[in-house]
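Chain by chain, the residues:
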Amino acid sequence: MVAKIKLFLLMLVSLGLIACSSVGEKEKRAFELINQKTNQTWPKGNEIAHYVYLGDIYGESNLLEIKNKQEGSLIKIWHFLTGEIAKNNIDLKRPQAIISDGKGKLYISDVSHQAIFVIDTVLGTQNLWQRSTIKTNFISPIGLVFGRENELLVADSELGMVIRLNLQGEPIGKISHPSLIRPTGIVRVAERGEIYVSDTHRHNIKVFNDQGLLLRTIGKKGNGEIEFNSPTFLALHKKGLLVSDTLNARVQLLEYSGNQEYFYRSYGKRGMKLGNLTRPKGVASDSSGNIYIIESYFDHMLIFSENGQFLLPLGGTGHGAGEFYLPSGIFIDEQDKIYVSDMMNGRISVFQFLGNN
């Protein structure tokens with residue numbers, strides 16, 4: 001029952017029914033209930049919790065039949081979590097990236113299924129989008145971002161292009177260029193009308209406009225400022241662009257200025273101690289500007305302040321709550337809910353950031 005309560009709260013938060021930008025009294029009481037039952041909060045041994053574990057998303061194993069279509073939203077969500085489990089479940093296998101539309105719908109790339117999972121937590125439905133064109137399927141979908149005018153952009157590293165889908169999952173175009181070899185991470189800066197794509201093979205970041213025209217290329221192979229060695233995941237920060245510089249074992253933050261990007265700061269360094277990096281993958285930031293780095297090799301989510309101070313490790317190798325096994329991507333929504341693609345555990349683990357104070 002504790003797991004059901006946690007997942008129920010997860011769905012409430014995803015729908016904005018519990019406001020998380022400032023934690024209210026009802027939310028505090030709800031999290032206190034969870035904490036009393038599970039003690040899954042961080043930092044460990046600290047009276048003030050900054051993070052709480054909410055639950056895991058596996059796929060159809062979470063999707064439960066909603067029998068009464070006339071029920072209210074809260075009852076629907078509760079039935080979504082406590083009803084009869086669907087037969088012949090299709091669950092995640094190797095999730096890579098996840099994004100949310102802020103209205104209860106989740107989009108997850110899965111390289112084993114070679115598809116995009118679309119989970120509607122309000123209707124209790126799941127769809128798999130496999131088509132990259134009318135005649136071909138995805139091969140290795142990784143990065144996800146919403147484009148302009150209700151489209152989803154999918155970076156497929158094996159196809160060597162970004163696929164445009166409408167929100168019914170139908171292919172409507174692509175972004176490609178002869179110099180784009182292995183796209184992995186992708187973000188869009190709406191106010192600039194620009195799409196940033198990491199090219200892991202070419203060790204650079206390519207910038208396209210919304211029409212798919214290549215505008216410029218950022219960086220080259222190396223270990224200096226704005227140089228990369230197999231960059232992978234990208235994320236937006238209030239200062240600019242976060243780049244997971246994977247084989248350089250660091251994350252770089254680049255500032256925007258006009259039509260150019262400048263080095264701002266580097267996070268993490270190569271090493272074997274907790275807080276060091278070996279194979280950084282997913283990267284994200286919260287409303288306080290904290291930087292989150294998925295250290296895939298040592299199965300941790302590492303949290304740094306904007307000024308580069310290492311704040312907290314969360315995770316460790318395992319299969320239990322708050323543990324990871326070769327995690328990959330990370331996404332933080334506007335309510336500071338944190339989704340981690342726990343790749344080899346075949347799930348998305350969800351946490352809530354409660355604030356720095």
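For the structure, check the block above.
Summarised in this report is the structure supplied together with it. (Residues numbered from 1 in each chain as written. Predicted model: local features only at pLDDT ≥ 70, side-chain atom pairs only at ≥ 80, totals over all residues. Heavy atoms only, no water.)

A closer look at the overall build of the protein chain
Thought 1: From N to C terminus, the protein chain includes three helices and 25 strands.
Thought 2: Across the 357 residues of the protein chain, 57% fall into the buried class.
Thought 3: When the accessible surface of the protein chain is totalled, it reaches about 15,500 Å², and 48% of it is carbon and sulfur. (Helix = DSSP H or I, 4+ residues; strand = E, 2+ residues; numbered from the N terminus. Buried < 20%, exposed > 50% of the residue type's maximum accessible area, 1.4 Å probe, protein only. Areas by Shrake-Rupley, 256 points an atom, 1.4 Å probe, with all protein chains shown as cover.)

Considering the pairing of strand E17 (residues 250-257)
Thought 1: Summarising the sheet, strand E16 (residues 240-245) and E17 pair through six bridges and their orientation is antiparallel. Paired with Val 243 across the strands is Gln 252, a residue of E17.
Thought 2: Connecting the antiparallel pair E16 and E17 is a turn made up of four residues, with Ala 249 showing a positive phi of about 55°.
Thought 3: Where E17 and strand E18 (residues 260-267) come together, seven bridges link them in antiparallel fashion. Considered in E18, the bridge of Leu 254 is made with Phe 263.
Thought 4: Taking the residues between adjacent antiparallel strands as the criterion, E17 and E18 are bridged by two residues, where Gly 258 takes a positive phi near 65°. (Pairing = 2+ DSSP bridges.)

Brief notes about the nonpolar core
Thought 1: Core analysis: the largest hydrophobic core is formed by 26 residues, its most contacted members being Tyr 107, Ile 116, Leu 152, Val 154, Tyr 339 and Ile 348.
Thought 2: Elements with a contribution of two residues or more to this core: strand E2 (51-57), strand E3 (95-100), strand E4 (105-110), strand E5 (115-120), strand E8 (151-156), strand E9 (161-166) and strand E25 (347-353).
Thought 3: In this view, Leu 152 contacts Ile 99, Tyr 107, Ile 116, Trp 129, Leu 144, Val 145, Phe 146, Ile 163, Arg 164, Leu 165 and Leu 167; residues no more than four positions away in its chain are not counted.
Thought 4: Met 301, Phe 324, Val 340 and Phe 351 belong to the second-largest nonpolar core, a separate cluster that totals 17 residues. (Core = buried A, V, L, I, M, F, W, Y, C linked by side-chain atoms within 4.5 Å. Contact = heavy atoms within 4.5 Å.)

Topic: the sheet that holds E9
Thought 1: Here we have four strands laid out as an open sheet, ordered E7-E8-E9-E10, and antiparallel in their pairing. Each of the sheet's edge strands pairs with one partner strand only, and the pair in question is strand E7 (141-146) and strand E10 (171-175). Within the sheet, the average angular offset between the axes of one strand and its neighbour, ignoring direction, is 25°.
Thought 2: Alignment of E9 against E10, held across four bridges, turns out to be antiparallel. For Leu 165, the partnering residue across the bridge sits in E10 and is Pro 171. (Axes fitted to C-alpha atoms, helices over the stretch in contact; angles between N-to-C directions.)

Examining the environment of Ala 284
Thought 1: Among the secondary structure elements, Ala 284 is positioned in strand E19 (residues 280-285).
Thought 2: Sequence separation of Ala 284 and Ile 332 is 48 residues, and the distance between their C-alpha atoms is 6.5 Å.
Thought 3: What Ala 284 contacts, discounting residues up to four positions off in sequence, is Ala 235, Leu 242, Asn 290, Ile 291, Tyr 292, Ile 330 and Ile 332.

Observations regarding the pattern of salt bridges
Thought 1: What the rule picks out here adds up to 14 salt bridges.
Thought 2: One salt bridge connects Glu 194 with Arg 216, and the closest N-O pair in it is separated by 3.0 Å. One end of the pair, Glu 194, is in strand E12 (residues 194-199); the other, Arg 216, is in strand E14 (residues 214-218), and 22 residues separate them in sequence.
Thought 3: Taking relative accessible area as the criterion, Arg 216 reaches 16% and is therefore assigned buried.
Thought 4: Across the salt bridge formed by Arg 250 and Asp 245, the nearest N and O atoms sit 2.7 Å from each other.
Thought 5: Using a relative accessible area of 12% as the deciding quantity, one classes Arg 250 as buried.
Thought 6: Taken together, the shared-partner salt bridges in this structure form one network comprising Arg 192, Glu 194, Arg 216 and Glu 261. (Salt bridge = Lys/Arg side-chain N within 4 Å of Asp/Glu carboxyl O.)

Everything listed is a geometric property; what it means functionally is a separate question.
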